[in-house]
Amino acid sequence: MPRVTNFCAFIALFTLIGCAEKDFILPGERESILPEASENTSEFQPGDESIPPLNLPATRANSSWTQGIASSITRTEHPELGAAPRVIWSVGIGSGDGRKNRITADPVVADGRVFTLDSAATVTAISTAGEVLWSRDLTPENES
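Residues numbered from 1 in each chain as written. Predicted model: local features only at pLDDT ≥ 70, side-chain atom pairs only at ≥ 80, totals over all residues. Heavy atoms only, no water.

Enquirer: Is there a simple way to explain the sheet that holds strand 2 (residues 113-117) in this structure?
Expert: Sheets are built from strands paired through backbone hydrogen bonds, the pairs being either parallel or antiparallel. Spatially, four strands are ordered 1-2-3-4 in an open sheet, and the strand pairing comes out antiparallel. Two strands in the sheet have a free side with no partner beyond their single neighbour: strand 1 (108-110) and strand 4 (132-137). The mean inter-strand angle of the sheet, taken between neighbouring strand axes irrespective of direction, is 15 degrees. Two strands pair when backbone bridges link them, and strand 2 and strand 3 (residues 122-127) are joined in this way by five bridges, in the antiparallel orientation. Bridged to Leu-117 within strand 3 is Val-123. (Pairing = 2+ DSSP bridges. Helix = DSSP H or I, 4+ residues; strand = E, 2+ residues; numbered from the N terminus. Axes fitted to C-alpha atoms, helices over the stretch in contact; angles between N-to-C directions.)

Enquirer: Can you help me understand the packing of aromatic side chains in this one?
Expert: In this description, a pair of aromatic rings is defined by centroid distance and the angle of the planes. If you walk through the whole model with that rule in mind, you get one aromatic pair. Consider the rings of Phe-115 and Trp-134, whose centres lie 6.2 Å apart with planes at 50 degrees: the pair is tilted. Placement of the pair is Phe-115 in strand 2 and Trp-134 in strand 4, with a sequence separation of 19 residues. By relative accessible area, which is 34% here, Trp-134 ends up partly exposed. Directly above the aromatic system of Trp-134 lies the positively charged group of Arg-136, at a separation of 5.6 Å from the ring centroid. (Phe/Tyr/Trp six-rings, centres within 6.5 Å; stacked < 30°, edge-to-face > 60°. Buried < 20%, exposed > 50% of the residue type's maximum accessible area, 1.4 Å probe, protein only. Lys NZ or Arg CZ within 6 Å of the ring centre and 35° of its normal.)

Enquirer: Help me understand the side chain of Thr-122 in this model?
Expert: Relative to the elements of secondary structure, Thr-122 occurs in strand 3. Overall, the relative accessible area of 17% leaves Thr-122 in the buried class.

Enquirer: Where do I start with the environment of Phe-115 in this structure?
Expert: Owing to a relative accessible area of 24%, Phe-115 belongs among the partly exposed residues under this scheme. The sequence separation of Phe-115 and Trp-134 amounts to 19 residues, and the corresponding C-alpha distance is 9.8 Å. Setting aside residues no more than four positions away along its own chain, Phe-115 makes contact with Asp-106, Pro-107, Val-108, Ala-110, Thr-124, Ala-125 and Trp-134. (Contact = heavy atoms within 4.5 Å.)

Enquirer: It is not clear to me how unusual backbone geometry should be interpreted in this structure. Could you clarify?
Expert: Across the chain, the bulk of peptide bonds are trans and the bulk of non-glycine residues have phi less than zero. One non-glycine residue, Asp-111, adopts positive backbone phi at about 55 degrees. One can find Asp-111 in the loop between strand 1 and strand 2. In this model, Ala-121 sits at a positive phi of 65 degrees, which is unusual for a non-glycine residue. Topologically, Ala-121 is positioned in the loop between strand 2 and strand 3.

Enquirer: Honestly, a nonpolar patch on the surface in this entry has me stumped. Any pointers?
Expert: Residues Phe-7, Phe-10, Ile-11, Leu-13, Phe-14 and Ile-17 make up a contiguous nonpolar surface patch of roughly 630 Å² in combined accessible area. Its place among the elements puts Ile-11 in helix 1 (residues 2-19). (Patch = residues over 30% accessible without salt bridge, like charges linked within 9 Å, V, L, I, M, F, W, Y side chains within 5 Å. Areas by Shrake-Rupley, 256 points an atom, 1.4 Å probe, with all protein chains shown as cover. Salt bridge = Lys/Arg side-chain N within 4 Å of Asp/Glu carboxyl O.)

Function-wise, these values are silent; they only describe arrangement.
Given below as structure tokens:
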């Protein structure tokens, strides 16, 4: 009996292997995405002339964040940040991430207000002083 079981398992294994699709390998020359190794790759040395200087655009204050940072059109290149950032206020915006629901939108800042969307589809408008101005549930009437 064990011989028959082993033989059936052997046949099943080769049948499954025969069904596998061959990997398609794109033609062409392969190029490494890693930089070429140099003698000392552990760290940069101060005063190393081969390292180009870091050139950043001028910092820019950004009073409105109307879009996420998903594209270069809506991204602030070099946002300004104070020398000693600190929390000036904090307020709850509703339901957080859970097993069934997730927060799907970044906060939006416009016209002196912060707009948030929680995981239960409730939009909340908050003043830049941290006061909740209004809140509205966007769940359709016939849905839970």
